[in-house]
Amino acid sequence: MDLTLKIWRQKNSSSKGKFETYKVNDVSPDSSFFEMLDTLNQQIIEKGNDPVAFDHDCREGICGTCSLYINGRPHGPKRGITTCQLHMRSFKNGDTIVIEPWRAKPFPLVKDLIVDRSALDLIIQAGGYVSVNTGGIPDANAIPIPKMNADLAMDAASCIGCGACVASCANASAMLFVGAKVSQLALLPQGKIEAANRVQKMVAEMDHLGFGNCSNTYACEAECPKEIKVTNIARMNRQFMKAKVCAEKHEAASFGG
Amino acid sequence: MGLFGLFLAMFLLVHLTINLLLLCNDGGELFTAASSFMGTNIAIKIFEYVLFGGFFIHIIVGVIITLKNWASRPVGYLVANKSHTSFFSKYMIYTGAIIFIFLILHFMHFFFIKIGWVQVPAGLEKHDFYKMAIALFTNKLYSFVYMAFFIFLGFHLNHAIQSGFQTLGLNHNKYNCTIKKVSLIYSILVAGGFSLVPIYFMFFF
Amino acid sequence: MTTLNSNIPQGNLADKWTTYKSTCKLVNPSNKRKLDIIVVGTGLAGASAAASLGELGYNVKAFCYQDSPRRAHSIAAQGGINAAKNYQNDGDSVYRLFYDTIKGGDYRSREANVYRLAEVSNGIIDQCVAQGVPFARDYGGLLDNRSFGGAQVSRTFYARGQTGQQLLLGAYSTLSRQINKGTVKLYNRRDMLDVVVVDGKARGIIVRNLVTGEIEKHFGHAVVLATGGYGNAYFLSTNAMGSNATPLWRAYKKGAFFSNACFTQIHPTCIPVHGDFQSKLTLMSESLRNDGRIWVPKKLEDVAKLRKRDIKPSDIPEEDRDYYLERRYPAFGNLVPRDVASRAAKERCDAGFGVSHSGLAVFLDFKESIARLGKNVIEERYGNLFQMYEQIINENPYETPMMIYPAVHYTMGGIWVDYDLMTTIPGLFAIGECNFSDHGANRLGASALMQGLADGYFVLPYTISNYLSSEIHTKRIPTDAPEFVQAEKSINEQLAKLMNIKGKQSVDTIHKKFGKIMWEYCGMGRTEEGLKKGLSLVPDIKKEFWTDLFIPGEMNEFNPELEKASRLIDFIELGELMMRDALQRRESCGGHFREEMQTEDGEAKRDDENFAFVSAWEFKGDDNEPQLHKEQLNFEVAKPSQRSYK
C-alpha cells in the first residue's frame, strides 16, 4: 500500500505547530498502524531529520498510552480498539491519513502528537480510590458481592485512561472517564462507604481542570476503546445528585484526610 | 439544564393540548375558554413566572455551558469529529437558538400583546387569541415558517428528552430503550401536533 | 563483598517470616517523616511499595518513565494472580503453593524467599478486594478461581483477561491517594540513569526529565528499584516498548551483583512473528490453555497443505492431529509449565510440523471446549483475548484455531538481593521482576503479579525499616554533594557522547540486529558453541553502536531516539552478561535449556551437584570480565527431584 500522511508537527509546547505531509510506500496491510509510523520514522531518521514523536508503550491495547486522532476519530476508524491495535488493513491503497494529537484544554501539547494527560491522574488523586491502608484487611470472601455488580464494576474498571472520550467529545468532557471510576467503586460494597464524597471531589476536580460539560452526544461511548457505556455517566449523575442532596456536610471535609 | 428542559417539555404538552382545541369546530369557544382560564387564573398566573424563569434559566445555562464547552478545546481539529453519534445531539445550541428566535416572534403575536408591549393589530381585541391565531395561520408564509420552527423543536426535543433523563441519572438498562422511544415519539407528537393547527387552518378552515 | 550473605533468618522454614516480622528493627513515626525513600518504577511492585511506604509515613518519591504511573507494563498481565486461599477446597495450602513454585522454578530459587511469598499471597487478595478490584465472582457472590500451568489446584484469581490491569489500577489508586495526601511525590516521564552511592550506601539517583531533557539529582535515604525485566534485550518480546534494563544495569555498574542473567522465560502462547517490520510480540494469556488444546498435524503432507492454505485446520480429522502436550505429559496435559510447553512447541516446529507459512506456529484449538461449554462461556472467560487475536491476525478464533508460538516474556534473573530484598549496595533495594529472588529458573503463570505485590505491600515495608532504623541520624544529603555532581557529570558526558556519534544507523536497526543474535544464540535452546559464537559477535555490535549510530535532535529536549539509544547500549552489555551466564551454567534447568544436557526423551537435565547455586556477577570495569560469585542453594524442605509433569 502507498499512503499519504498529514501529520501535526510541533517542536514543543511553546512553539507553533503545523501539518506536514509525508509519503510512505509498500506498507504491508498486516502491519500495525504504529509499525507503519515506525517505517516512516526510519525514513525520516535516514534523512537526518527529527522523527515524529507519538505516545505508545505496550502496543497491545491495554496501557492506554497511545493517543492518535486519525481521520477525525480517536484511535482511528475501527470501534473498540486503541491506536496500537489498529492495522493497516483498515485503510486502502492511496488513502490520505490525517493524524492529529488529542485536543483539549486540560491536555497541553508536549511534542508533535504527544499531549500531557496528567489531568486524568489528578482527577483520580482527588478521590478515585478506597481509603484503605495496607494490612489488617478482613478475608476477601467476607463480603459476598453479587456477580452482576462485580461484572458491571469490571465493565467500568476496564477503562485504560487513554482520554479518547475527552478527545472525541465535542465539549472535551471527561465525564466517561470519571463516570467509569465513580461507577466501579459505587457498585462495590468496599467503595460505597465513601461514594458520596468521592463523586463530589472528583467532579469538582474535573471542572476545576477545565474539562467541558457533558451534553450527552455519546461520542465518548462510540470511541472508547474498551466500549465503556454512558450508563456509567448516568450512574455518576445519580450519585452526584444524591450526594448533593443527602450527604452530610462534614463528610466532605473528613474525606481522604 | 436537564431538569429545566424536562420541565419545559411538560409545559409544551399543556400548550399543545390547548392549541389542539383550535381544531374543534366550535368557533373557538373551547379554545377561548381555555386560554382565558390560563390568562386569568391566579395559580396559573404565578406559574407563568415560574415558567418564564424556567425558560430563562434553561437558555442562560445552555449558553454559558456551551461557551465553557467551546473554551475546553481552544485548538480545534483539522478533520471534524466523525464519531458515530446521534446527529441532533451535536447541534442543540443551534436548534435552541432557532427556537429562541421563534419564541420572540411568538411572544410578539401573543404574550407581548397581552401585557401591552406590542400594539394590538387592527380589528382584533386584546385577549382574542382565537382570532389572532386564525389571522396568522391563514397566512401561508407564516404557517410554513411556523411549521419549520416546530421541526427544529422536534430535533431539539428528540435528543432533549432522553438526554434529560441521562443528566438526571435516571438512566437504567431496563428503561433506556423505552426512554429513547418515548423521546422520539414525544418529539414527533409535539412537532406534528403543533403543525396540525396551521395545516388545518390552511387547508380545511 | 566476595561472600554473599543472604541474611536468611534462623528457624523452621514456616516460622522464618513470622520471626523476622516480630524481631526486625522499626522506625518510630516521628523519625519516618525525616526519612526519604526513592522508588523507581510504578508497576505492581513499585506502586504498591510507594503507596505502602507513604502510608507508613515516610517521604516517598516515585519515578516512572511513562506519562502516568497507571501505564507501567504490569498492566498487560492477563491471566491472574495466585494465592493459597484454598477457596475451592481442592487441597491447596501455603506449603503446596511454596512447593509448586520451587518445583516450577526447577530448584533454582531460595526456599526462604519462596515460602514467604506463598505465606503472604493470601493477604494480597484481601488487600486488592478491599481496594475495589473487581475480581471474577460466582453467582453466590464469592470469588472464582481458574487453574494455571504447573499446578493441579485452582488457585488463580482473575479479573477477566485483564487481571494485571485491575491489580495495577488498585495499586495506582492507593498510590494516588498518597500523592493526594502529600506523602508521595510523583515524578513522571523520568528515566533513571544512575544510582548515587555516598560512603558505600545508595543515597540517590540521577534522572533525565524526558520532556525537557534536563538532568535531575534526587536524594533518598534508601533507593528502591522496581523497574521490571529486561526481555527487550531480544528486541522482540512481549514487554512494552519502553521497558528497559537501564536502572538495573547502572546499579550493577555501581556495585550491585547481577544474578542468573540467563534465566529468561519464553512464553508458549504468543502471536507468531509475521514480518520484519514487526515491533513487538503480543502475548495470549496462559489461561487459554485451560480450555484450549494445543496440536499440530501428525502428517507432514497435511502441514504442507496447511501452509499453502489448500486445506483448513478443521479439515484435518481428529486421528491425524497430534495433541503433543497431552501425549507427552498425560498428568498435566496442556497445563504443563511454560518452559516445558515452549520447548515442546519448538521441538515440533523444528521437526517440520509448524503450521504457519513461516513454519513457526502451532494450533491452540477451542473447538472442543466451545462444544462442551458453549460459545458464551468461552466468550466470558477469554472474550477480550479472542478479540485481540482477531485484530492482529484477522481470523476468528471461535471458528478456526489460534496460531501461537513462544516469545520472550519474563526474566527470572535480575539484581541479586538478600532476604531483606537489599542488593549488595547497602540501601539499594530491588523488588518485583527486577530482582532474581523467587522464581528460580522458570516462573509459574500468575506468580509474577503475586511476587510484585507481595514485595511491595507486605515484604519491603518491614525489611526497609530494618535498614532505615540505623539511618535515623543521617541528615538529608544536599544534591550538590560531590558524589551527586560527579554522577551528573558522567551522565551528561555519556549522553553527549551518544549524540556525537553522528553515524548512519537508527537505534532500532542496531537493536534488531542485536536481538537476532540474542534469539539465535541465547534463546530457547542454547549450546556451548552457539553461546561462544554469540559472545564473539558482541564486540562488533558494540563497535557498530559507538561508531555508526545516528540520533537526531538535541540532548536537552524531548528526544525518544536518545532515550532508546541510552537503553540499547545497556541491553547490549547486559546481553553479553546473559550469554556469559548461560555459558557457565552447564546444565539445563527451567527456561535455560542447554541442548547438550537433556534426558533421553528430551527433558531438561539438571545438575544439582555442580549447579545448585545462584550466580551473582560483579562488575569489574568496562574492560574487564565480570567476576562470578556463587550463592549455594540449600533445600531443607523441598528436596530437589527430577521435575516431572508426566
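**Q** Describe the domain arrangement of chain A, and please don't skip the residues or the numbers.
**A** Residue and element names in this part refer to chain A. Domain parsing of chain A yields domain 1 (3-111) and domain 2 (118-254). Distance from the C-alpha centre of domain 1 to the C-alpha centre of domain 2: 30 Å. Counting residues at the interface gives 19 residues for domain 1, matched by 21 residues for domain 2. Taken together, the two surfaces of domain 1 and domain 2 that pack against each other cover about 1,500 Å², and 58% of this comes from carbon and sulfur. Put simply, domain 1 and domain 2 have two salt bridges between them.

**Q** Give me the lowdown on the environment of C:Glu596, citing residues and values where you can.
**A** Residue and element names in this part refer to chain C. Take Glu596: it is sitting in the loop between helix H17 (560-584) and helix H18 (608-611). Residues Glu596 and Arg526, 70 residues apart in the sequence, show an inter-C-alpha distance of 8.4 Å. Once residues lying within four places of it in the same chain are set aside, the contact partners of Glu596 are Arg526, Thr527 and Glu528. One polar contact links the side chain of Glu596 to the main-chain amide nitrogen of Glu528, over a distance of 2.7 Å.

**Q** Lay out the interface of chain B and chain A in plain terms, naming residues and giving numbers.
**A** The interface is formed by 31 residues belonging to chain B together with 40 residues belonging to chain A. Carbon and sulfur atoms make up 49% of the area that chain B and chain A hide from each other, which totals about 2,800 Å². Counting the contacts that link chain B with chain A gives zero salt bridges. Inspection of the region where chain B meets chain A yields 28 residue pairs in polar contact (both at pLDDT 80 or more). Of all the elements in the fold, those that place two or more residues in the side of chain B that touches chain A are helix H3 (42-71), helix H7 (140-167) and helix H8 (173-204) of chain B. The element that contributes the greatest number of residues to the side of chain B that touches chain A is H7(B), accounting for five residues. Of the residues contributing to the side of chain B that touches chain A, the split by class is nine nonpolar, 18 polar and four charged.

**Q** Account for the domain arrangement of chain C, naming residues and giving values.
**A** All names here are of chain C. Domain annotation of chain C identifies domain 1 (269-407) and domain 2 (482-608). Computed from C-alpha coordinates alone, the two centres of domain 1 and domain 2 are separated by 31 Å. Tallying the contact residues gives eleven residues for domain 1 and 13 residues for domain 2. The junction of domain 1 with domain 2 conceals about 810 Å² of combined surface from both sides, 52% of it contributed by carbon and sulfur atoms.

**Q** Could you give an account of the pattern of salt bridges, naming the residues involved and the relevant values?
**A** Enumeration according to the criterion identifies 72 salt bridges over all chains in this entry. Where A:Arg117 meets C:Asp67, a salt bridge forms, and the shortest distance between an N and an O atom there is 3.5 Å. Highlighted residues: A:Arg117 in the loop between strand E7 (114-115) and helix H2 (118-125) and C:Asp67 in the loop between strand E2 (59-63) and strand E3 (81-82), drawn from two different chains. For A:Arg117, a relative accessible area of 2% translates into the label buried. Look at C:Asp67 and you get buried, because its relative accessible area is 3%. C:Asp191 is paired through a salt bridge with C:Arg567; the nearest N and O atoms lie 3.1 Å apart. Placement of the pair is C:Asp191 in strand E6 (residues 190-198) and C:Arg567 in helix H17, with a sequence separation of 376 residues. Like C:Asp191, the residue C:Arg567 is buried in the burial classification.

**Q** Before we move on, could you go through the side chain of C:Asn113 and cite the residues and values that matter?
**A** With respect to the secondary-structure elements, C:Asn113 resides in helix H5 (residues 111-131). On the basis of relative accessibility, which here comes to 0%, the residue C:Asn113 falls in the buried class.

**Q** Before we move on, can you summarise the pairing of strand E5 (residues 96-101) of chain A with the specific residues and values?
**A** All names here are of chain A. With five of its six residues buried, E5 lies for the most part within the structure. With four bridges joining them, strand E1 (residues 3-9) and E5 adopt parallel strand pairing. Bridging from a neighbouring strand, Lys6 pairs with Val98 of E5. By the bridge criterion, three bridges tie strand E3 (residues 68-70) to E5 in an arrangement that is antiparallel. Paired with Tyr69 across the bridge in E5 is Glu100.

Reading the values: rules and limits
- Residues numbered from 1 in each chain as written.
- Chains lettered and ligands numbered in written order.
- Predicted model: local features only at pLDDT ≥ 70, side-chain atom pairs only at ≥ 80, totals over all residues.
- Heavy atoms only, no water.
- Domains from an automatic or database assignment.
- Contact = heavy atoms within 4.5 Å.
- Buried area = accessible area lost by both parts, 1.4 Å probe.
- Salt bridge = Lys/Arg side-chain N within 4 Å of Asp/Glu carboxyl O.
- Helix = DSSP H or I, 4+ residues; strand = E, 2+ residues; numbered from the N terminus.
- Polar contact = N/O pair within 3.5 Å; in protein donor to acceptor, adjacent residues only side chain to side chain.
- Nonpolar A, V, L, I, M, F, W, Y, C, P; charged D, E, K, R; others polar.
- Buried < 20%, exposed > 50% of the residue type's maximum accessible area, 1.4 Å probe, protein only.
- Pairing = 2+ DSSP bridges.

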